[in-house]
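# Working through the structure, step by step
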Amino acid sequence: METSRRTVIAAAAAGLTAATIGTAHAAGGKKPVRELFGRLADGTKVHRWSLENGGTRLKVLSYGGIVQSLEIPDRHGRYKNVSLGFDNIEDYVAKTPYFGALIGRYGNRIAKGQFTLDGTGYQLSVNDGVNSLHGGAKGFDKRVWDVEGFASGPDVGLVLHYTSIDGEMGYPGTLRAKVTYTLTRHGDWRIDYEATTDKATVVNLTSHVYWNLAGEGSGSIYDHELEIAASRYTPVDSGLIPTGELAKVAGTPFDFRRTKTVGRDIRVAHQQLLYGKGIDHNWVLDKGITAKPEHVATLRDPSSGRTLTIASNEPGLQFYSGNFLDGTLVGTGGHIYRQGDALCLETQHFPDSPNHPSFPSTVLRPGQTYRTSTVHSFGV
């Protein structure tokens, strides 16, 4: 009898052997457990929350809402952490690869850190050459969030809150952000983002997990197989700012409409790859903005059999191939991270949207609620 992916994960969650997985069922989750992870220089406590449900094990920090580790089983039920991270708070504070972090107020880049809204110009914190990246020098990834754990029916999770005051990193309006991490009974990791404001502003929240389905620190992800449901992408200039064009992926290294390995075309002499030192681009998803999460991408590691399927209601997906991992960072498993040792798949609105009226709007006004959702499903 063929064994389903859900059954393998459920068996691993229950601690069963491969020989018994045919009769395994998903295990119920328990309320998340909190422990002290470290302290910031000013004495602020940083906690780590541990969750487990449906065969997925997740550890999250109150600092930056960071996913410190995410463990899933392979085809034989053997667990590995498939996300890059550090084993101490000092490295998260001192270094800026955005490992596993919640990103805000604005995920991705805004040209020269400037935009105009309702006739008023705003200057943001600039932290990526002349541009603003991921909310500026002290974005949501470097803030301590208020976190509460929950167990609701078959699901477990965390509710994270952060209030960004008017003018923080140059953004207008006091933004109240709420992010819910849920582990379902099937082992899916769901992220629901919400935000409200008291003044017109722009917002684009996302998650910056670095994935390696063979296991953190195991080497290159160039042999991972990837499919992205997008016929177009947004080309960039030398500063990685979109030009405004929605270019067709057909005939380019950016065509992942049919599954191919990440590394197959990554060294092709294409100007866009030269700008990004690899892939660091936004895909224009064929589905557009949807009322509920729909399929956007599938990633698979042939060696372990692990798969990651992503669904979202967002219109864009930033695929970053770990180009700037330079061998200077040591991860949770004690291994050095080098170029191409992980990749990011960040659901989002498009980069620099406030400066491109033709892009889907990222403006949020008083009385409105920003809501987006992304679901990560794991299997073998």
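Note: the structure precedes this text.
Residues numbered from 1 in each chain as written. Predicted model: local features only at pLDDT ≥ 70, side-chain atom pairs only at ≥ 80, totals over all residues. Heavy atoms only, no water.

## Structural notes on the pairing of strand S29 (residues 370-379)
Along S29, nine of the 10 residues are buried, which leaves the element largely enclosed by surrounding structure. The pairing of strand S14 (residues 189-197) with S29 spans seven bridges and is classified as antiparallel. Bridge assignment links Glu 194 to a residue of S29, and that residue is Arg 371. With six bridges connecting them, strand S23 (residues 307-312) and S29 associate as antiparallel partners. Bridge pairing in S29 links Ala 311 to Val 375. (Buried < 20%, exposed > 50% of the residue type's maximum accessible area, 1.4 Å probe, protein only. Helix = DSSP H or I, 4+ residues; strand = E, 2+ residues; numbered from the N terminus. Pairing = 2+ DSSP bridges.)

## A closer look at the nonpolar core
Tyr 181, Trp 189, Ile 228, Trp 283 and Phe 319 are the most contacted members of the largest nonpolar core, which totals 58 residues. Considering each element in turn, this core owes the most residues, five residues, to strand S13 (residues 175-183). Apart from the residues lying within four places of it in its own chain, the contact partners of Tyr 181 are Val 60, Gly 65, Val 67, Leu 102, Phe 150, Val 156, Gly 157, Leu 158, Leu 160, Trp 189, Arg 190 and Ile 191. Core analysis: the next-biggest nonpolar cluster, separate from the first, contains 22 residues, Ile 66, Phe 99, Ile 103 and Ala 342 among them. (Core = buried A, V, L, I, M, F, W, Y, C linked by side-chain atoms within 4.5 Å. Contact = heavy atoms within 4.5 Å.)

## Focus on the pairing of strand S22 (residues 294-300)
Pairing of strand S17 (residues 225-228) with S22, which is carried by four bridges, proceeds in the antiparallel orientation. Considered in S22, the bridge of Glu 227 is made with Thr 298. Bridging between S22 and S23 involves six bridges; their strand directions are antiparallel. Pairing of His 295 across the sheet is with Ala 311, part of S23.

## What to know about the sheet that holds strand S21 (residues 280-285)
With respect to topology, five strands assemble into an open sheet ordered S19-S18-S21-S24-S27, the strand pairing being antiparallel. Of all strands in the sheet, those with a lone pairing partner are strand S19 (247-248) and strand S27 (344-348), marking the two edges. Bridge count for strand S24 (residues 316-320) against S27 is five bridges, and the pairing is antiparallel. When the bridges of S27 are listed, Gly 316 appears paired with Gln 348.

## Quick look at the pattern of salt bridges
Under the criterion given, the structure shown has 16 salt bridges. Across the pair Lys 142 and Asp 141 runs a salt bridge, and its minimum N-O distance is 2.6 Å. Of the two residues examined, Lys 142 and Asp 141, each falls in the buried class. Lys 199 is the partner of Asp 166 in a salt bridge, and the nearest nitrogen-oxygen pair spans 3.1 Å. Pair noted here: Asp 166 is in the loop between strand S12 (155-164) and S13 and Lys 199 is in the loop between S14 and strand S15 (201-202), with a separation of 33 residues, a long-range link. Bridged by salt links that share partners, the residues Glu 52, Arg 57 and Glu 71 form one connected network. (Salt bridge = Lys/Arg side-chain N within 4 Å of Asp/Glu carboxyl O.)

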